[in-house]
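Architecture at a glance
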Amino acid sequence: MKSALSGNYGDWFLLQFSTLGFIGRLFKSQDVPKVMEFLFMFYASKPCDWLLEDFLRVRMCGHGDIWAYCIHKIRSVARLITPTLFQHEGFHSSFSGNVNKLKDKSFGTGAKKIFFNPPLSGIINNLQAYSKYDIYALYNGDDIFWGGNPKAGDVIDFIFDHPVPLARIHIESGNSEHPGDIIREASLEILPDEFVDGGNLTRKTTPFSEKEKAANIKRYDFLPQLKNLNDTYHVLGTFNSDGAFIMDVPPKYGRILILRIAFHSNSQTWVLIKKMELHVR
């Protein structure tokens, strides 16, 4: 647990060292009374682990938030630490007559570590998502993103909740069922939190599209301080013929506020993004 506290988890509310029940939950001292009061009010109605989920929804989710965005905000403050340290034992459920044989698959040294992308303030996405395949579901690692035909000037902006020193970017599009639904003629751009100059840096020189201008304004809803930021985007590169972008980010770019996928032509196909991993230094 001590080693986990040294990790880069942002402004966390809860660190979870188990995926099951109410065991292995670490709170900050100042937050314990709030959680205790909530549990005391409703403990006769639901198990404590269910009540904790309710508490986090009330705390983090606004009225009208889409579900995937709500889940993203909850996970930004309730971080799961893997491999987990506590295993669920016993078979008798708190529900009378029920048997519970669940085991934590993330427990133990051999368990796979779960990857988390850095916390976001929000995402601005011009592409219409199909069904449940929302952009937040992709970023959370829960599902793919699948959206309608991109048009020239469309953008997907990932706005971090604090400047992030990105080390590596790995994005893949298309899958075996829809191999043609890849990202075409698009670039990946970044907006550093400080002016970057010198070196072999590729500064964006083309004029902003109308949708890019709209995204630059809409970002103020997530981070008002961005109003005073110089819109000097840097182009890291373009997506390859397979619709992928994999790159080690040079340290000279410093800390990054916004990561942007910018589309430069009208696509005849939808876009399916199956993987997105942003590694931090």
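Residues numbered from 1 in each chain as written. Predicted model: local features only at pLDDT ≥ 70, side-chain atom pairs only at ≥ 80, totals over all residues. Heavy atoms only, no water.

What the UniProt record of the chain gives under Pathway (unreviewed entry) is the line "Protein modification; protein glycosylation." (UniProt positions renumbered as here; feature names shortened; annotations may be inferred.)

With that settled, consider unusual backbone geometry. Leaving glycine aside, a negative phi is the common case for residues, and trans is the common case for peptide bonds. We note that serine 131 has phi near 55°; this positive angle belongs to a residue other than glycine. Residue position: serine 131 is located in the loop between β4 (120-125) and α5 (135-140). Overall, serine 131 belongs to the exposed group, its relative accessible area being 58%. (Helix = DSSP H or I, 4+ residues; strand = E, 2+ residues; numbered from the N terminus. Buried < 20%, exposed > 50% of the residue type's maximum accessible area, 1.4 Å probe, protein only.)

Right, let's get into the sheet that holds strand β3 (residues 78-80). With respect to topology, 3 strands assemble into an open sheet ordered β2-β1-β3, the strand pairing being mixed. The strands lining the two open edges of the sheet, one partner per strand, are β2 (25-27) and β3. Averaged over all pairs of adjacent strands, the angle between their axes in this sheet comes to 20°, without regard to strand direction. For strand β1 (residues 14-16) and β3, the ladder comprises 3 bridges, and the chain directions are parallel. Within β3, the residue paired with glutamine 16 across the bridge is leucine 80. (Pairing = 2+ DSSP bridges. Axes fitted to C-alpha atoms, helices over the stretch in contact; angles between N-to-C directions.)

Below, the discussion takes up helix α2 (residues 32-42). Turning to α2, its buried residues are Val35, Phe38 and Leu39. For α2, the arc enclosing every buried residue in end-on projection is 95°, short of the 170-degree limit, so these residues lie on one face. In this structure, α2 carries Met36, Glu37, Phe40 and Met41 as exposed residues pointing more than 90 degrees from its buried face. Where the residues of α2 are buried, they touch β2 and α3 (48-60). (Arc of directions from axis to C-beta. Contact = heavy atoms within 4.5 Å.)

Moving on: the nonpolar core. Judged by nonpolar contacts, the single largest core of 34 residues is most densely connected at Phe158, Phe160, Ile169, Leu188, Leu259 and Ile261. Elements that contribute at least two residues to this core include exactly α4 (67-77), β4, α5, β6 (155-164), β7 (166-173), β8 (186-192), β11 (256-263) and β12 (271-280). Leaving out residues up to four positions away in the same chain, isoleucine 261 has contacts with Asp154, Val155, Ile156, Phe158, Ile171, Ala186, Ser187, Leu188, Phe239 and Ile273. If you look at the next biggest cluster of nonpolar residues, it comprises 15 residues, including Phe55, Leu56, Cys70 and Ile74. (Core = buried A, V, L, I, M, F, W, Y, C linked by side-chain atoms within 4.5 Å.)

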